[in-house]
Amino acid sequence: MTVADWSPTDSVYQAQLRRAHEELRASTAPDAAPWPVRAPVLDSWRRSLAALPAGTGTADAVLEGDELTRARRAHPFSAVLPLLRSRLIEPAVDAGLVVALGDAEGRLLWVEGRSSVTSRADAMGFAAGADWSEPAMGTSAPALALTTGSPTQVVGAEHFHEAVHPWSCSAVPVLDPRTGSTIGVLDVTGSADAVAPLVLPLLQATSRALQAELRAQGAGRAPAAPAHLLLTGRRTPQLLLGEGAVELSGRHAELLTLLHLAPDGVRGAELAEDLHGGASAESTVRAEVVRLRRVLEVNGGPAIASRPYRLQGEVDSDLQQTRSALARGDLDTALAHWSGELLPGSDAPAIRRLSAQVDDHLRELLLGSGDAAQLWAYAQRPEAAHDLEVLMTILQIAPADAPERTAAATRARELRGETA
């Protein structure tokens, strides 16, 4: 069989691929030998062999936790997820396939499919946060699409690593509609169905549709500066944008908090429940979002997309930094960012629940593993001014001559109505 006779799933072709791969690794065939391999795949094999002489065949996770969340939020795909879900993800997942959305570096930001399929894909590292670029994992459809800038399919043993041979995949690059540069890749992975004749046209049509949507969303709007929300311990919350700061009303701060914590978006009814205690206030939320959009647009802040509502662009906050630090058990950083309760002037149900959750997490970590200085720093917060358990813990662990011990003893006596 020659390359001209290439059929993706032909068993004879796949057997020849495996032999050719062994010969290439062993360097037993001259460069001029007639290889039964498509030229783009063979070129990729050679590049992969040079970059990965002893690769493991399992992709490394290079984005995890908050870092993955931030990468997703900052990527243009986050602004068109509803379109991607309706046009590509849902039909492909219904067909038993896995859909991956990657950035221009080959890092997979979203990987979706039925759990029975994604659990198998996880075994070779085909998961959100993994690096599937050619230098990291060798020949694959997303790697070739990004390397060549063209739609491509890679079938079975055409993959560089043997661990990936049971899989087939189709992928297309996605271009920035303004600059023409590559911003990411759309990939469908699975059985031989992933390279069926209709898959590449589906991917190409989806790519064109999302580029048109990105063009429409970005028309006439300059890129937003990275934004940072100051939300804790403040009666007047702020949105920091570059060198400037915008004071936020209570409702706008509440909306930004909830949107900021939901990178995949949140429905109007959910926001109404979170802010007003009932889905019947959805029309009120809709009007509040419109007003917030105007404030952000005037000040060059992040845009708010609809259906579902979601922030576009990179947004961080002292709240998120606190939560990340608590997840790591880093009490000093958590105390530095948690200046007090979240939006203390808010009575929105979701905000009060969130504030209590973070404060309870911080308090429990402090009582379990905090030192006297950290506990006393926490005791200075208004919400902890009457926390006798914190004070008694300081008295238990602080050295006899520690200033925190003296201060805690004095306050504890005051709280219990005792005299010195």
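As the structure is a computational prediction, the values presented were derived from the model and not from experiment.

To continue, consider the pairing of strand E6 (residues 227–230). Side-chain alternation along E6 places Ala227 and Leu229 on one buried face and His228 and Leu230 on a second face that is also buried. One ladder, built from 4 bridges, connects E6 with strand E7 (residues 238–241); its direction is antiparallel. The residue of E7 that forms the bridge with histidine 228 is leucine 240. Across 3 bridges, E6 lies against strand E11 (residues 315–317) in parallel orientation. Among the inter-strand pairings, histidine 228 is bridged to a residue of E11, identified as aspartate 316.

All chains considered together, the criterion is met by 14 salt bridges. When the shortest N-O distance is used, the salt bridge between glutamate 288 and arginine 251 registers 3.1 Å. With glutamate 288 in helix H11 (residues 282–299) and arginine 251 in helix H9 (residues 250–260), this pair connects stretches of sequence that are 37 residues apart. Exposure remark for glutamate 288: the relative accessible area of 7% places this residue in the buried category. For arginine 251, a relative accessible area of 25% puts it in the partly exposed group. As a salt-bridge pair, glutamate 270 and arginine 267 come within 3.8 Å of each other at their nearest N and O atoms.

Leu239, Leu271, Ile304, Leu342, Leu362 and Ile394 are the most contacted members of the largest nonpolar core, which totals 57 residues. In terms of residue count, the dominant contributor to this core is helix H14 (residues 349–369) (6 residues). Beyond its immediate stretch of four places on either side in the chain, leucine 362 contacts Leu326, Leu331, Ala334, Leu335, Trp338 and Tyr378. Core analysis: the next-biggest nonpolar cluster, separate from the first, contains 30 residues, Ala79, Leu88, Ala92 and Val174 among them.

One can find glycine 242 in the loop between E7 and strand E8 (244–247). Between the C-alpha atom of glycine 242 and that of glycine 301, which follows or precedes it by 59 residues, the distance is 9.6 Å.

With that out of the way, let us pick up the sheet that holds strand E1 (residues 98–103). A sheet is described by the order of its strands in space; here 5 strands give the open sequence E2-E1-E5-E4-E3, paired in antiparallel fashion. In the strand order of this sheet, the two ends are held by strand E2 (108–112) and strand E3 (152–155), each with one partner. Pairs of neighbouring strands in the sheet enclose a mean axial angle of 15 degrees, with direction left out of account. In this structure, E3 lies alongside strand E4 (residues 168–175), joined through 4 bridges in antiparallel fashion. Directly across from threonine 152, in E4, lies its bridge partner alanine 171. Running over the sheet, helix H7 (residues 141–148) touches E1, E3, E4 and strand E5 (182–190) and is turned about 35 degrees from E4.

Looking now at the side chain of arginine 411. Looking at the secondary structure, you find arginine 411 in helix H17 (residues 403–416). Buried within the structure, arginine 411 lacks any salt-bridge partner; its nearest side chain of opposite charge belongs to glutamate 414, at an N-O separation of 5.6 Å. A distance of 2.7 Å separates a polar atom in the side chain of arginine 411 from the backbone oxygen of alanine 379. Setting aside its immediate chain neighbours within four residues, arginine 411 contacts Trp376, Ala379, Gln380, Ala384, Ala385 and Leu391.

Before going further, it helps to spend a moment on helix H2 (residues 39–51). Taking 1.5 Å as the rise per residue, H2 with 13 residues should run 18 Å; its terminal C-alpha atoms sit 18 Å apart, in good agreement. The set of residues buried in H2 consists of Val41, Leu42, Ser44, Trp45 and Ser48. Down the axis, H2 shows its buried residues gathered within 160 degrees of arc, on one side only.

A separate point is the environment of tryptophan 110. Within the element layout of this structure, tryptophan 110 appears in strand E2. Sequence separation between tryptophan 110 and alanine 377 is 267 residues, and the spatial gap between their C-alpha atoms is 40 Å. Once residues within four sequence positions are removed from consideration, tryptophan 110 is found in contact with Arg72, Phe77, Ser78, Leu81, Val99, Ala100, Leu101 and Asp264. At 3.4 Å, the side chain of tryptophan 110 forms a polar contact with the side chain of aspartate 264.

Within the fold, aspartate 131 resides in the loop between helix H5 (115–122) and helix H6 (134–137). Buried and unpaired, aspartate 131 has arginine 107 as its nearest opposite-charge partner, separated by 6.9 Å. Separated by 2.8 Å, the side chains of aspartate 131 and serine 133 make a polar contact. Apart from residues lying up to four places away in sequence, aspartate 131 is in contact with Ala59, Asp60, Val62, Glu105, Gly106, Arg107, Ala136 and Met137.

Bringing the confidence of the model for the protein into the picture now. For the protein, the average pLDDT comes to 87, and 92% of its residues sit at 70 or higher. Summarising per-element confidence for the protein, the mean pLDDT is lowest in helix H1 (residues 11–26) (75) and highest in E1 (96).

A few words on the packing of helix H15 (residues 372–379) against helix H16 (residues 388–397). Packed helices, taken two at a time, are described by their axes: the angle between them and the distance between them. Put simply, H15 and H16 touch, their axes get as near as 9 Å, and they point 160 degrees apart. With respect to their mutual orientation, H15 and H16 come out roughly antiparallel. Considering the relative orientation of H15 and H16, their crossing is left-handed. The segment H15 lies against H16, with Ala372, Leu375, Trp376, Tyr378 and Ala379 engaging Val390, Leu391, Thr393, Ile394 and Ile397. Taken together, the residues of the contact of H15 with H16 break down into 9 nonpolar, 1 polar and no charged.

This paragraph deals with the sheet that holds E11. Strand order in the open sheet formed by 4 strands is E8-E7-E6-E11, with mixed pairing between adjacent strands. Strand pairing shows two members of the sheet lacking a second neighbour, E8 and E11, which therefore form its edges. Within the sheet, the average angular offset between the axes of one strand and its neighbour, ignoring direction, is 25 degrees. Inspection of the sheet shows E7 paired to E8 by 4 bridges, in the antiparallel sense.

Cut-off values and rules
Residues numbered from 1 in each chain as written. Predicted model: local features only at pLDDT ≥ 70, side-chain atom pairs only at ≥ 80, totals over all residues. Heavy atoms only, no water. Buried < 20%, exposed > 50% of the residue type's maximum accessible area, 1.4 Å probe, protein only. Helix = DSSP H or I, 4+ residues; strand = E, 2+ residues; numbered from the N terminus. Pairing = 2+ DSSP bridges. Salt bridge = Lys/Arg side-chain N within 4 Å of Asp/Glu carboxyl O. Core = buried A, V, L, I, M, F, W, Y, C linked by side-chain atoms within 4.5 Å. Contact = heavy atoms within 4.5 Å. Axes fitted to C-alpha atoms, helices over the stretch in contact; angles between N-to-C directions. Lys, Arg positive; Asp, Glu negative; His and termini not counted. Polar contact = N/O pair within 3.5 Å; in protein donor to acceptor, adjacent residues only side chain to side chain. Expected span 1.5 Å × (residues − 1). Arc of directions from axis to C-beta. pLDDT = per-residue confidence, 0-100. Parallel < 35°, antiparallel > 145°, perpendicular 65-115°, else oblique. Left-handed = near helix turned anticlockwise from the far one by under 90°. Nonpolar A, V, L, I, M, F, W, Y, C, P; charged D, E, K, R; others polar.

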